[in-house]
Each structure stands twice: as C-alpha cells, then as structure tokens.
Amino acid sequence: MASFAQSLAIESWTLYAIGLILIAMRLASRRIQLGAFDKFQLDDHIMILVTLTFTGVIVSTNQVANNGSNYLPPGEAELLTEPEIVSAIWGSKMTFVLEEFTLSTTWLIKGCLLLLYGRLTLGLKQNAAVKFLAYYCLLGFVVVQVLFLGVWCRPIQQYWAVPVVNSQCATYYNHMITATTFNISSDLMMLLIPLPLLIKSKLPLKRKLIVCGVFSLGIFVILAAILNRYFNFTVAYSPIFLNWYVGEVSTAVFVANIPLCWPLIRRIFALDTFGGSKRSRSNDQSRSHLQSSSKRIYARNTRKSVTRLHSRTESNVGFGESEERIARTWTPQPEGHLELNPMEKKTGFKTSVVAGSDVEEGKDEWTSQETITKTVQISQYSV
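Residues numbered from 1 in each chain as written. Predicted model: local features only at pLDDT ≥ 70, side-chain atom pairs only at ≥ 80, totals over all residues. Heavy atoms only, no water.

(A) Geometry of the overall build of the chain. Secondary structure summary: the chain contains 12 helices and four strands in total. Here the chain, with 383 residues, has 42% of them falling under the buried criterion. The contacts of the chain with a sequence gap of at least 6 include a subset with a gap of at least 24, amounting to 69%. When the accessible surface of the chain is totalled, it reaches about 20700 Å², and 64% of it is carbon and sulfur. (Helix = DSSP H or I, 4+ residues; strand = E, 2+ residues; numbered from the N terminus. Buried < 20%, exposed > 50% of the residue type's maximum accessible area, 1.4 Å probe, protein only. Contact = heavy atoms within 4.5 Å. Areas by Shrake-Rupley, 256 points an atom, 1.4 Å probe, with all protein chains shown as cover.)

Quick look at the structure:
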C-alpha cells in the first residue's frame, strides 16, 4: 500500500502541476485578450474556483491512498485493529470529500464550456441548444447530489462507518451509475454543439481541422470517465480507482483550458493565427519592400521634407485583427484623392488616401505619392 501511495502521489501532483500551468496560461491569455483582469468574464472566475476544487481532489485522493477506507471485502473490516479502524474512518471521510470535489470540479468545468459556447453561438439558432444543455447539466447536478446525500446511503454517517451496514455506503455503485449517466450524456451533447458549426463554416481547410481538433478534445474526457467507471466495477476493492479519479478530473481541466491558451502562445512565439512565424515572414518581406522602394522614391523642389512612415507589411490577419500597410504608388493622381475598392480574394476594403504637398508657384509637384492601404477583417467568432 505504501508503494501504491507513493506512485499515486507522484502521478497526481504531476498532473496537478500541469493543470495549474494551463489554468495560469489561460488566465494570462484572457488578460491579453480582454486588456485587464477586471474585465474577466464569468467563466474566467469559475476557472479560478476550479483551482480550489481541483486542489481538493488531489489532496483527498492522496489521503485515501495513505489511510485506506471502508471499501473492503466482506468480513475484512471486522478484523481491523483499533488504530486501523481510526485510519479507515478518516480515509472514508476523505473518500466522501473526494467525491464531492470531483463532482464540483466536473460540473464547474461544464459551466465554463457552456458559457464559452454561449458566446460563440450568440445570435445563432444553436444558442437555444446551449441553453437547453445548461438546464440539463443543472438538473443532473441537483439529481446526483440529492441521491448521493439523501438516498443511496442513510444515514449519511454510514459513508464513513467501519464496518458499513449498507454496502452502497462503501462501494458507491448506485451513485456512480447515476453520476456517470448525466456526466457522459452531457459531454456528448457538448461535442454536438460546436463541431457542426465548425464543419459548416467557410474557414480554410487547415484552420477548420485545427479548430475541430481542439474542440474534439472533449472525447478524451469522456474516455477517462468511462475508464474510471470500468475499473471501479471490474476491479473490486482495489485502490486503482484513485488513479482514474485523478486522471478524469485532470483531463477535464486540461481540455477546458487548452483552447483558450492561444493568445499567450502566439505572443511568446510571435505566431500568426494558426502557426508560422509572423516575425520572420514580416522581416523578410519588409526588407525586400524597402529595398525596392528606396531606389524609386525622390522629391523635387519641395519646401518640406517628407516624413517617411514605417509599417510592417504583408502580415497575416487573424480573427478580430486589422492590418495596416504603407505602399508606394507612382501613378499621378489629383491631390486629396480618396479611393475605396473591394480587396481581391480578401474580406474587407482597400482604402487609398493620397497625401498632397505644399509647392511654390511655378515649381513641379511630387512625382511620387504615399498610399496608405488599410485592410480590416472581421470575424464572427470572439472568444
């Protein structure tokens, strides 16, 4: 038992550390996206609360592994010594606490995802499905809690009795069936909300595959929940179920935070919306642009010097971003000319504004002009 407790401690605290890192990355990304911590939305605050319940899962799991519980084969509890009974009672209490922390963490994460889906489907008919699923999850949580606290094991003190009168107070079998039914069914419905929208979207194939892959991570949460219950029912009276409790909750934390970590990763590695270095591509194209432009730009007989403007060129436009470029044109146009044309193969408009100059009477005007091109791309999706 000591070796099992030691290996479980290493595994559980490692997964816990990874989970906290992802939560911190998510919160940092949201700070970058929203501009300030006081602009955090409800799902961000819920994820902070998840940090506490996730900690409770890890601590209580290790307490059960070190102290044991009343989850013992028939007749074995009667053979325990007095110190072993005290230890088993404490471990049984921690098992009860573990179950509550697990339920809280799982359903809080569902709430975070539902709030995210609610924003993604705002104004769409799928928003009604999100609201229905929210009510279903709320109903499931209430039903599971009522049955767990007031029906399956009565009185409630039997959950940490050694030995138990009712085997359900030690095995939790009826409770696990009920909780798993609501848990997996709601997770499956969550998968059915974003994926059809993404598949029907007009995103480029590469982006569509990446986004669908991110939102499909929920499959691993369902798989972890199924494996957790499988080992509970097939490997009776074994503490191996503790590994799967930690695995299921950790997987849910990972999946809920990974999709929202992109703004931070993008800033750290200077990536565009879906990969590739924005910095290196921009530098190469800017260098080529400046070299060709410097050979042609000149001004004659002007009273003022031209202030050269610098801007990055040919950068990829991601969701909710705009692109501004400085380009040189050499076609003479009337002073103060304004032109608005649709951009070819892009979503947006190209606005050309030609700058004029002060010239003395009898002197030539500029033969070169500065053209400011502004491309704005608006995405429906805002996370």
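From this point on, the discussion continues.
(B) How the structure looks around the environment of Pro259. Along the polypeptide, Pro259 turns up in the loop between helix H10 (241–257) and helix H11 (262–269). The class of Pro259 is partly exposed, set by a relative accessible area of 25%. As for Pro259 and Phe215, which are separated by 44 residues in sequence, their C-alpha atoms are 7.5 Å apart.

(C) Just the packing of aromatic side chains, in detail. Counted according to the given criterion, the structure contains 17 aromatic pairs. On the basis of an interplanar angle of 45° and a centroid distance of 5.4 Å, the ring pair of Phe96 and Tyr159 is categorised as tilted. Note that Phe96 is positioned in helix H3 (residues 82–120) and Tyr159 in the loop between helix H4 (126–150) and helix H5 (168–171), a separation of 63 residues in sequence. The exposure class of Tyr159 is buried, given its relative accessible area of 2%. Seen from their ring centres, Phe148 and Tyr172 are 5.6 Å apart, and the 65° between their planes marks the pair as edge-to-face. Of the two residues, Phe148 sits in helix H4 while Tyr172 sits in the loop between H5 and helix H6 (173–191), which places them 24 residues apart along the sequence. You can call Tyr172 buried: its relative accessible area is 5%. (Phe/Tyr/Trp six-rings, centres within 6.5 Å; stacked < 30°, edge-to-face > 60°.)

(D) Broad picture of a nonpolar patch on the surface. Taken together, the side chains of Leu138, Val142, Val146 and Val151 present a nonpolar region at the surface, about 340 Å² in accessible area. Mapped onto the fold, Leu138 is located in helix H4. (Patch = residues over 30% accessible without salt bridge, like charges linked within 9 Å, V, L, I, M, F, W, Y side chains within 5 Å. Salt bridge = Lys/Arg side-chain N within 4 Å of Asp/Glu carboxyl O.)

(E) Local environment of the confidence of the model for the chain. Of the residues in the chain, 70% reach a pLDDT of 70 or more, and the chain-wide mean stands at 76. Every residue in residues 286–383 scores below 50 in pLDDT, and together they form 146 contacts with partners more than four places removed in sequence or on other chains. (pLDDT = per-residue confidence, 0-100.)

(F) Region of the structure containing the pattern of salt bridges. As enumerated under the stated definition, the model contains five salt bridges in all. As a salt-bridge pair, Asp43 and Arg26 come within 3.2 Å of each other at their nearest N and O atoms. Residue Asp43 is located in helix H2 (residues 42–67), and its partner Arg26 is located in helix H1 (residues 2–34); the two are separated by 17 residues in the primary sequence. Judged by relative accessible area, which is 0%, Asp43 ranks as buried. Given a relative accessible area of 1%, Arg26 falls into the buried group. Asp44 is the partner of Arg30 in a salt bridge, and the nearest nitrogen-oxygen pair spans 3.0 Å. Separated by 14 residues along the polypeptide, Arg30 in helix H1 and Asp44 in helix H2 bring together distant segments of the chain. Using a relative accessible area of 0% as the deciding quantity, one classes Arg30 as buried.

(G) Fine view of the side chain of Thr105. Take Thr105: it is sitting in helix H3. Under the relative-accessibility criterion, Thr105 is labelled buried at 1%. Engagement of the side chain of Thr105 in a polar contact is seen with the side chain of Thr53, the distance being 2.9 Å. Setting aside anything within four residues of it in sequence, one finds Thr105 in contact with Val50, Thr53, Phe54, Val57, Val249 and Val253. (Polar contact = N/O pair within 3.5 Å; in protein donor to acceptor, adjacent residues only side chain to side chain.)

(H) Quick look at the environment of Val57. By the element assignment, Val57 lies in helix H2. It is 9.6 Å that separates the C-alpha atoms of Val57 and Met94, two residues lying 37 residues apart in sequence. For Val57, the contacting residues outside a window of four places in its chain are Leu98, Phe101, Thr102, Thr105 and Val249.

(I) Structural detail: the nonpolar core. Core analysis: the largest hydrophobic core is formed by 62 residues, its most contacted members being Ile109, Tyr117, Tyr159, Met190, Phe215 and Leu242. Elements supplying a minimum of two residues to this core: H1, H2, H3, H4, H6, helix H7 (194–200), helix H8 (205–215) and H10. Among the elements that make up this core, the one with the highest residue count is H3 (12 residues). With residues up to four places along the chain from it excluded, the contact list for Met190 reads Lys110, Leu113, Leu114, Tyr117, Leu133 and Cys137. (Core = buried A, V, L, I, M, F, W, Y, C linked by side-chain atoms within 4.5 Å.)

(J) Inspection of the packing of H6 against helix H9 (residues 218–234) at higher detail. At a closest axis distance of 10 Å, the pairing of H6 and H9 adopts a crossing angle of 165°. Put simply, H6 runs roughly antiparallel to H9. As for how H6 packs across H9, the hand of that crossing is left-handed. Residue-level contacts link Tyr173, Met176, Ile177, Thr180, Asn183, Ile184, Asp187, Leu188 and Leu191 of H6 to Gly218, Ile219, Val221, Ile222, Ala225, Ile226, Arg229, Asn232 and Phe233 of H9. Of the residues assigned to the contact of H6 with H9, the class counts are 12 nonpolar, four polar and two charged. (Axes fitted to C-alpha atoms, helices over the stretch in contact; angles between N-to-C directions. Parallel < 35°, antiparallel > 145°, perpendicular 65-115°, else oblique. Left-handed = near helix turned anticlockwise from the far one by under 90°. Nonpolar A, V, L, I, M, F, W, Y, C, P; charged D, E, K, R; others polar.)

(K) Main features of the packing of H1 against H10. Running from N to C, H1 and H10 point in directions that differ by 10°, and their axes come no closer than 9 Å. One element, H1, and the other, H10, form an angle in the roughly parallel class. Residues Phe4, Leu8, Glu11, Ser12, Leu15, Ile18, Gly19, Leu22, Ile23 and Arg26 of H1 lie in contact with H10, whose contacting residues are Leu242, Asn243, Val246, Ser250, Val253, Phe254, Ala256 and Asn257. For the contact of H1 with H10, a count of residues per class yields 11 nonpolar, five polar and two charged.

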